[in-house]
Structure formats: structure tokens, C-alpha cells
2 protein chains.
Amino acid sequence: MSLPHAILTALLEKPSSGLELTRRFDRSIGFFWSATHQQIYRELGRLERAGLVRASGPGAGRGQRKEYAVLPDGRAELARWAALPQDPKPVRDPLLLRLRAAAVLGLDGLEGELARHRELHRAQLAEYLEIERRDFPPGAAAGENRLQHLVLRGGIQLESFWLAWLDEALGETVEGAAAEGRE
Amino acid sequence: MSLPHAILTALLEKPSSGLELTRRFDRSIGFFWSATHQQIYRELGRLERAGLVRASGPGAGRGQRKEYAVLPDGRAELARWAALPQDPKPVRDPLLLRLRAAAVLGLDGLEGELARHRELHRAQLAEYLEIERRDFPPGAAAGENRLQHLVLRGGIQLESFWLAWLDEALGETVEGAAAEGRE
DNA sequence: GTGCTCATGTAACGGGTTACATGATTTA
DNA sequence: TAAATCATGTAACCCGTTACATGAGCAC
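Everything quoted here is computed from the prediction, not taken from an experiment.

Caption draft 1: Expanded view of the protein's contact with DNA strand D. Around DNA strand D, the surrounding shell holds 20 residues, and the nearest of these are Ser17, Gly18 and Leu19 of chain A together with Gln38 and Gly63 of chain B. A total of three residues in the surface near DNA strand D trace back to one element, the largest contributor, which is helix H3 (residues 37-49) of chain A. When its residues are assigned to classes, the surface near DNA strand D shows five nonpolar, 11 polar and four charged.

Written as C-alpha cells, this is what we have:
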């Protein structure tokens, strides 16, 4: 139950068309809440019918650009939702599951996947660090960007965690393979 | 597409009934792949129809305990899946989203939620550390438990990350409140 | 035989994913 | 005018969640 609120947040930051929203969900917002264009169009339709956003532009129809803006009710709904207590979701990670499967199957050949994931996380971390360097230079006062920077640092630390853990995992599997070789 | 494979892994570790599986998904497996009993029963039915697991026990019917075991095809399917390349899913975290909403709404009152989440993560970390102390004492040789321990350390480090980040976030919001007070 | 627990299910709904379809606008 | 691209949309499927239903066995 978060996608509509992600869209409201994005539209408050800047009124947009569906496709522009989709692009922003591929970048900034998507760093902590991903969505495809199908989800976004479906949800924009619901939000409009619910009176939380307003569409402007040439009348309905395919291929006609429409720009959406948040209405007062939408802002209120977002504020209501953001203040609601919500527990963190339990972790659900296929890679950890595959390791557990490997433990019971005696499967080899997961090192390649671990290395590939490490490379992906390394690249993501580099991207975040580049954004930090560009948008939050060390000298500038924090000010209103405080929360944005905080969220970005969350992403940076999360990628750092994965990187460190995958290093550890790769070390383990190499040791494991060596141990099996000795037996 | 991971729940059936989580179930196959669990059944390979130990053949079980649906309810026993549910309980294990509340404990060990659930630490990285959660599932409710409805999901598990639905999936057990599919796995049986697909010929990947076999049910034994008194004939069909409600309230009749059935024990499931993995068939050769099931083991093969698990091995096939575990060897498949799979990209890490993009992060999707409502708490980060709420912070972003707070940034645009100028919302206060998120400190309580941050503190509550910190407490939840602190408790989860303590639970993981207790499990590590009990199941992986420092002296014992790693051996076959290597991968299990690795997965557990992943959980420990992930909770440590959240804890550190929430500490940082709480420091920020306090500073922010103080700064607003001074204005 | 009432209530409690174990155990297995059904139904309904919404979200996420993938594949595909269609209209408008630019450009070669 | 053919194509590429921008833009909006439909349909189908599975997964996850919630609420509820049903039956068996046991304690009192």
C-alpha cells in the first residue's frame, strides 16, 4: 500500500506526466521504491478517480500527454499515511535462499553469482557516491536537503553492507572449495 | 518465483506437514524468506500436482495430517533454479519513502517511528546474536555449517546497518528540530 | 458435549510482472 | 510515407495478505 503514496510524493516534488514519472521512478525515487509504467498508469487512474490528483492537458485518449498535479485531498492523504505506524517488512532475499539451497544440495558454482552480485552492488555504490559528490558537497550547509541526504546515505551504507558481506562470502566459498580439495 | 523453492529446500532439510513448515517459516527459513500458512498450503498443492513432492498420511481431507517429501524431480528443479542467474531486486522500503514524503511535506513526528524501528532492529539483532552464540560457538570447526553461518552473519550485519543508520537519522532529526527551534 | 488446539483448507482482493496494443508526433 | 519515438493504455497471471471455514482429537 505504498505505491500511490510514492506517486503523490513524486508529484508534489514536481507535477509530471505518466512517462516522466516512470523515468523518475527509474532514477531518484526508484532507488528506494521501484515501479513500472504499467503500475504507474494504473495507479494514476485510481488516484484521479479518487479525487487525489488532477489531470490537465488534451482530453482523454491514447498518446495524448496528460500532466498530473496533487489536489489538497491528496496532500492530506499522504500526510495521514506518512504518520501511520508501519512495521519493517521481514527480509526476503532470493540470494540467501539460494545459499541455503546450496547448503542442502551440496551445490557448487554459486561463486560466479556471488561475484556478479558483488559487481552490481559495487556499481550501485559508485553511482550513489557520485550523486552524493554532485548534490551534497561537503562544504554546503545541510538545510532543507537534510532528509534527502540522509536517505542517500542509507542507500550508500546498504550497498556497503552487501559489498562487505559478499567479500566475506566469496572468501568462504574459496576456502570451502580448497578444503574440499584437500579431503 | 522463490516460494516453491524455499519450500523444497525446507522439505529437503526435513520432510514435514504444512503446519510444521509454517512454523519453520516463522523461525529459521523465515529470517530471509517469510510466508504465511495460506501461501504454503497453496504452494504444496501445486508442487504435489506438478510431481515435485509426494504427500503421505491418511487420505485427503481437512484436519488430516499429511507429510510431504521431495521427489527426484523436485530436487532437480531446485538445483536448476539455484544455478540460474538472478539479479538483486531493487530496494523497496516504505520507511525511506516516508522520509522522502516528510521532506516535501515538512512533516514532523517521524522521530517516534524511527525510534520504534530502531528498537525492533535492536531486538532482531539480539536474537540473531543469541542464535550465533548457541549454534556457532567460536571454537567449533566450521565444516558443513559454513553456509548457514554465513547467511546468519548476513542477517547480523544487515540489522547492524539499520541500527547504525537509524541512530544517524535520529541524531539528524533532533538537530533539525533544534535548528528549527532556533530560527 | 463444550471448548481448545492441531491441522488443512477456501475466497476475495490488491500489488507486481510481463507481454502486448494503440494513438500521436517527429524525422528521414 | 515509412520509421522511430513519445505516450498512454489493456490483459493475464502469479504472489502476498486478510478473513474466514471445516474437520479431527483431546481435556474437562
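Caption draft 2: Focus on the interface of chain A and chain B. Each partner contributes to the interface: chain A provides 56 residues, whereas chain B provides 56 residues. Put simply, the parts of the chain that give the side of chain A that touches chain B at least two residues each are helix H1 (3-13), helix H4 (72-83), helix H5 (94-105), helix H6 (111-135) and helix H7 (146-182) of chain A. Broken down by element, the residue count for the side of chain A that touches chain B peaks at 15 residues, all from H7 of chain A. When grouped by side-chain class, the residues that make up the side of chain A that touches chain B number 32 nonpolar, 12 polar and 12 charged.

Caption draft 3: Structural context of the protein's contact with DNA strand C. Arg62 and Gly63 of chain A together with Ser17, Gly18 and Leu19 of chain B are the nearest of the 21 residues found near DNA strand C. Of all the secondary structure elements, the ones that give two or more residues to the surface near DNA strand C are H3 of chain A together with helix H2 (18-26) and helix H3 (37-49) of chain B. Of the residues assigned to the surface near DNA strand C, the class counts are five nonpolar, 12 polar and four charged.

Caption draft 4: Region of the structure containing the relation of the copies chain A and chain B. For these two chains of identical sequence, chain A goes onto chain B by a turn of 180 degrees and a shift of 0.0 Å along the axis, with RMSD 0.1 Å. Here the transformation between the copies is reduced to the relation of a two-fold axis. Residue Phe161 of chain A, judged by its C-alpha, is the member of chain A lying nearest the rotation axis, at 3.5 Å. Both copies present the same face, since 100% of the interface residues in chain A are matched by interface residues at the equivalent positions in chain B.

Cut-off values and rules
Residues numbered from 1 in each chain as written. Chains lettered and ligands numbered in written order. Predicted model: local features only at pLDDT ≥ 70, side-chain atom pairs only at ≥ 80, totals over all residues. Near = placed C-beta within 6 Å. Helix = DSSP H or I, 4+ residues; strand = E, 2+ residues; numbered from the N terminus. Nonpolar A, V, L, I, M, F, W, Y, C, P; charged D, E, K, R; others polar. Contact = placed C-beta atoms within 7 Å. Least-squares fit on C-alpha atoms with pLDDT ≥ 70 in both.

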